[in-house]
Amino acid sequence: MQVLRIIIAVVIIICSFAAISVFASSENNEEVSVEEATSLLNQAVAYAQARDLAKLCELASSKGICRHQWEDADGEQAVPDEPPQIVDTYLLPTVHLKNGDKAVGGRVLVLEGVDGLGKPYRTEFFVFRSGDSGLEGLAVTNVIYWCGYGIRQPNEDGTMTTGHPNPRPDVA
Amino acid sequence: MSTLLVGYVSAANPLEISKYDITRTNIGVQLAQETIQRWTDNGWNSNCNCNFNDLEVYEINPGDYLVAPASAKIKLQSVRQSDGSVKLEPTIVTGSPSDSLLGTEAVSPMQAPYWLEVESWCFARVQNFMGWIDNCYAINKLIGETDSQYDYYELTHYATAASKYPFRLKWAQLTCRRNTQYSSTMLWKDWYPKSDQPAPSCSTITLGITVFGVTLSYASQICTSGWDITKYDEAGRFANKWYGNVGSGTEREVAYMVCVKVPQNGYAIWDLTAGYGCSLI
C-alpha cells in the first residue's frame, strides 16, 4: 500500500512538470519579420487616423499602457496627419532572467514623424509574439507610435536602470 | 507629461496673490536676479528680453517661491492635499499680447517653471508560464525653478499585469531605488500615493506631484483589492503593490510617482523592478 502511494505521488509530480513544460513551450519563439511588424504598423496608422482608440489599443500588449500613452501624447489632437517613416529596424533579443522569467524579444521598428501638434517624434514600435493575443499571436508595445517612447530590456537580475535620454529625432 | 491640477481641489475661488508678493524684499530681488541669470544662461530670455525688474516674486507657501514676469496672470487655488492639509498652488495664465512685457511679444510659458520629459521608455514584457507584466517609466525634470542649490526630478513608473490560463494573478509590484553607482545624491521632495489605497471596486485614481506650483499628474485604474505602498526613509526608494485575486485575461494596473531633488547639475538615476505573483487558486 505504501509503495502504491509513492508511485501515485511520483506520477502526480511527473504530470505536473509535464503540464508546466507544455505551458512554457506553448510560446512561439519564431522571429517577427519586418513584414509582420509593418503590417501591424499599417493597422495602427489606420486606427489612429480614424481616431479609433479602442481598436488601436486592441493591437497593444497592454490596454492600460496604451490609454496612458495616448493621453500623455496629448490625445486625439496629437494624432499625426501623415504615417511615420520607418528609419530603422532591428531584433530585440530575448533575455533570460536569473529568477527564471524571461523578457521577450521581438522586432523593433524605429519610427519618426511629426505629430498633429507639429512636434517631431521618434518612437520604437515593438512587435512580439504573445500567446495571449488574438492577432495571430502578435502584440505591440508603444502602439501609440507618436508617443516618443523607446523600448529596452531589463538587466539579467531583473532590475531596470534609468538614465537613458529619450530617443529624439535630429531636429535643426 | 500633462501639467494639470490634481483632482482634489477643494476651493476653486481665485485668491488674492498680492499679499504673497515679496518682489521688493532682499530675497525677492536676489531670486529675481538669479532667475534672469538662469533664463539667460539657458537661452529662455530671448522672448521677453527681461531684466530682473520685470519679474514679480511671491512666497506662496513658506519656502515655496514663484517667480514670474510681471504681466503673467496668476490664479491661486487652495488645494487640499491627500494628507488632509491645505496648500496654496498657483496656476500661471500666460499673458496676452496686449499685456506683454516691453510691448514686444506675449510672455512665453517657457518662462514659468515647467516639467520637461527627459526619458520615456517601456521594457519588453517580462513573463513566465503563469503570467506577465509590462512596465514603462517617464522621468521629468523641473525647468526654470528658483532653487539655486538643487534640481528636481520626477519619476512616473506604471505597469499592467495579468495571469495566463489557468492561473490567477495575486499581486503585481513596482519598485524604485536610487542607483548607487551612477546617481547623484537624492533628497525626498514628494511621492504619490501617499498611503495605501484600498479599492472595493474599479475606479480611476489620479496621482499628482506638485513642485514650485507646477503639477504633474497621472491617471491610473485601481481595482480590487487595492494598492499597498512602502515609502522608505532612503530618498528615492518606493514600492507600490497591487494585491487581489483575478483570473487569466484580466489586466490589473499599478503605478506611482516620486519626486526627488539632487545637487544642481546632478542627475537622478533609479534601479526599477517589476514583479508579479500567480497561483492556481
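Just so we're clear, the structure is a prediction, and the values are computed from it rather than from any experiment.

Colleague: Explain the overall build of chain A to me, and be specific about the residues and the numbers.
Modeller: Of regular secondary structure, chain A possesses four helices and eight strands. Traced from its N-terminal end to its C-terminal end, chain A shows the element sequence α-α-α-α-β-β-β-β-β-β-β-β. Burial analysis of chain A (172 residues in total) assigns 45% to the buried set. Pairs at least 24 residues apart make up 56% of the contacts formed inside chain A by residues separated by at least 6 positions.

Colleague: So, the packing of aromatic side chains: which residues are in play, and what are the values?
Modeller: Enumeration according to the criterion identifies ten aromatic pairs over all chains in this entry. Between the aromatic rings of Tyr-145 of chain A and Trp-146 of chain A, the centroid separation amounts to 4.8 Å while the plane-to-plane angle is 85°, which identifies the pairing as edge-to-face. With respect to class, Tyr-145 of chain A is no different from Trp-146 of chain A; both count as buried. Measuring from ring centre to ring centre gives 5.4 Å for Phe-238 of chain B and Tyr-256 of chain B, while their planes differ by 45°; the resulting arrangement is tilted. Of this pair, Phe-238 of chain B sits in strand β16 (residues 238-246) while Tyr-256 of chain B sits in strand β17 (residues 252-263), and the two are 18 residues apart along the sequence. Overall, Phe-238 of chain B belongs to the buried group, its relative accessible area being 1%. Residue Tyr-256 of chain B is classed as buried on the basis of its relative accessible area of 0%. What links up through ring pairs into an aromatic cluster is the set Trp-70, Tyr-145 and Trp-146 of chain A. Against the face of Trp-132 of chain B rests Arg-125 of chain B, its NZ or CZ located 3.6 Å from the ring centre.

Colleague: Lay out the pattern of salt bridges in plain terms, naming residues and giving numbers.
Modeller: Any two side chains of opposite charge can pair, so long as their charged atoms come close to each other. All names here are of chain B. A full pass over the atoms with the stated rule returns eight salt bridges over all chains. Lys-141 is paired through a salt bridge with Asp-151; the nearest N and O atoms lie 3.9 Å apart. In this pair, Lys-141 sits in strand β8 (residues 131-143) while Asp-151 sits in strand β9 (residues 150-163), placing the two residues ten residues apart along the sequence.

Colleague: For the confidence of the model for chain B, give the residues involved together with the corresponding values.
Modeller: All names here are of chain B. In this model, chain B carries an average pLDDT of 80, and 74% of its residues clear a pLDDT of 70 or more. In the model of chain B, strand β1 (residues 9-15) stands out as the element of lowest mean pLDDT, 34, in contrast to strand β10 (residues 168-178), which has the highest, 98. Counting contacts from residues 1-15, a segment whose pLDDT is below 50, to residues more than four positions away or on other chains yields 47 contacts. Note that residues 93-110 has pLDDT below 50 and, in this model, 30 contacts with residues that lie over four places away or in other chains. The ipTM value of the predicted complex is 0.83, and its pTM value is 0.72.

About the criteria used
Residues numbered from 1 in each chain as written. Chains lettered and ligands numbered in written order. Predicted model: local features only at pLDDT ≥ 70, side-chain atom pairs only at ≥ 80, totals over all residues. Heavy atoms only, no water. Helix = DSSP H or I, 4+ residues; strand = E, 2+ residues; numbered from the N terminus. Buried < 20%, exposed > 50% of the residue type's maximum accessible area, 1.4 Å probe, protein only. Contact = heavy atoms within 4.5 Å. Phe/Tyr/Trp six-rings, centres within 6.5 Å; stacked < 30°, edge-to-face > 60°. Lys NZ or Arg CZ within 6 Å of the ring centre and 35° of its normal. Salt bridge = Lys/Arg side-chain N within 4 Å of Asp/Glu carboxyl O. pLDDT = per-residue confidence, 0-100.

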